[in-house]
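Below are the chains, spelled out letter by letter.
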Amino acid sequence: CVMNTGLHDQKLCIGKTHDHCLSIYTKNIKRYLNLFHNICGAMVWISTTPVRNPGNPLYPQSNAMTAKMNLAVKDILVQHEHGYYVDTWDVA
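Criteria and thresholds
Residues numbered from 1 in each chain as written. Predicted model: local features only at pLDDT ≥ 70, side-chain atom pairs only at ≥ 80, totals over all residues. Heavy atoms only, no water. Disulfide = S-S within 2.5 Å. Helix = DSSP H or I, 4+ residues; strand = E, 2+ residues; numbered from the N terminus. Buried < 20%, exposed > 50% of the residue type's maximum accessible area, 1.4 Å probe, protein only. Contact = heavy atoms within 4.5 Å. Polar contact = N/O pair within 3.5 Å; in protein donor to acceptor, adjacent residues only side chain to side chain. Pairing = 2+ DSSP bridges. Right-handed = clockwise from strand over helix to strand, strands pointing away. Core = buried A, V, L, I, M, F, W, Y, C linked by side-chain atoms within 4.5 Å. Axes fitted to C-alpha atoms, helices over the stretch in contact; angles between N-to-C directions.

Caption draft 1: Highlighting the state of the cysteines. Using the criterion set out here, one finds one disulfide in the structure. The disulfide partner of Cys-1 is Cys-40, and the S-S distance across this bridge is 1.9 Å. The sign of the S-S torsion, about -85°, decides the handedness of the disulfide formed by Cys-1 and Cys-40: left-handed. Residue Cys-1 is found in the segment before β1 (2–3), and its partner Cys-40 is found in the loop between α2 (18–37) and β2 (43–46); the two are separated by 39 residues along the sequence. Using a relative accessible area of 9% as the deciding quantity, one classes Cys-40 as buried.

As structure tokens, this is what we get:
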């Protein structure tokens, strides 16, 4: 299975700290991966790419938070036997 959740969780975190948002995000990712663990032979996570227009009030996502979320996913995938991470940050 090829996976990514995109930038959705960042939009839900307006007005909250980065640590709080990262905690919620990692819990969501663990649930997501556990949901697919028995279905997928391997789980391939495609990293989220940089935000196009950082600072745009219509899109509250930031590159700093996206990078933290990518690293969190990478750390979580290490715990899964057939979890793989594809870093697309520099090619986007």
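This is not the end of the story, as more comes after the structure.
Caption draft 2: Representation of the side chain of His-80 within the structure. Tracing the sequence through the fold places His-80 in the loop between α3 (63–77) and β3 (83–86). Apart from the residues within four sequence positions on either side, His-80 is in contact with Leu-33, Asn-34, His-37 and Met-43.

Caption draft 3: Focus on the side chain of Thr-26. You can see Thr-26 is positioned in helix α2. At 3.0 Å, the side chain of Thr-26 and the backbone oxygen of Ser-23 are in polar contact. Those residues within four positions of Thr-26 in sequence are excluded, and the remaining contacts are Ala-72 and Ile-76.

Caption draft 4: Highlighting the pairing of β3. In this structure, β2 lies alongside β3, joined through four bridges in parallel fashion. Of the residues in β3, the one forming a bridge with Trp-45 is Tyr-85. Running through α3, the crossover from β2 to the neighbouring parallel element β3 is right-handed.

Caption draft 5: Highlighting the nonpolar core. Of all hydrophobic cores here, the largest spans 14 residues; its most connected members are Met-3, Tyr-25, Ile-29, Leu-33, Trp-45 and Val-73. Mapped by element, the contributors of at least two residues to this core are α2, β2 and α3. At five residues, the largest contribution of residues to this core is made by α3. With residues up to four places along the chain from it excluded, the contact list for Tyr-25 reads Thr-5, Asp-9, Trp-45, Met-69 and Val-73.

Caption draft 6: Quick look at the sheet that holds β2. A sheet is described by the order of its strands in space; here three strands give the open sequence β1-β2-β3, paired in parallel fashion. On the outer flanks of this sheet lie β1 and β3, each paired with one strand and no other. As paired strands, β1 and β2 are joined by two bridges and run parallel to one another. Pairing of Met-3 across the sheet is with Trp-45, part of β2. Its contacts with the sheet put α2 on β1 and β2, and the angle it makes with β2 is roughly 145°.

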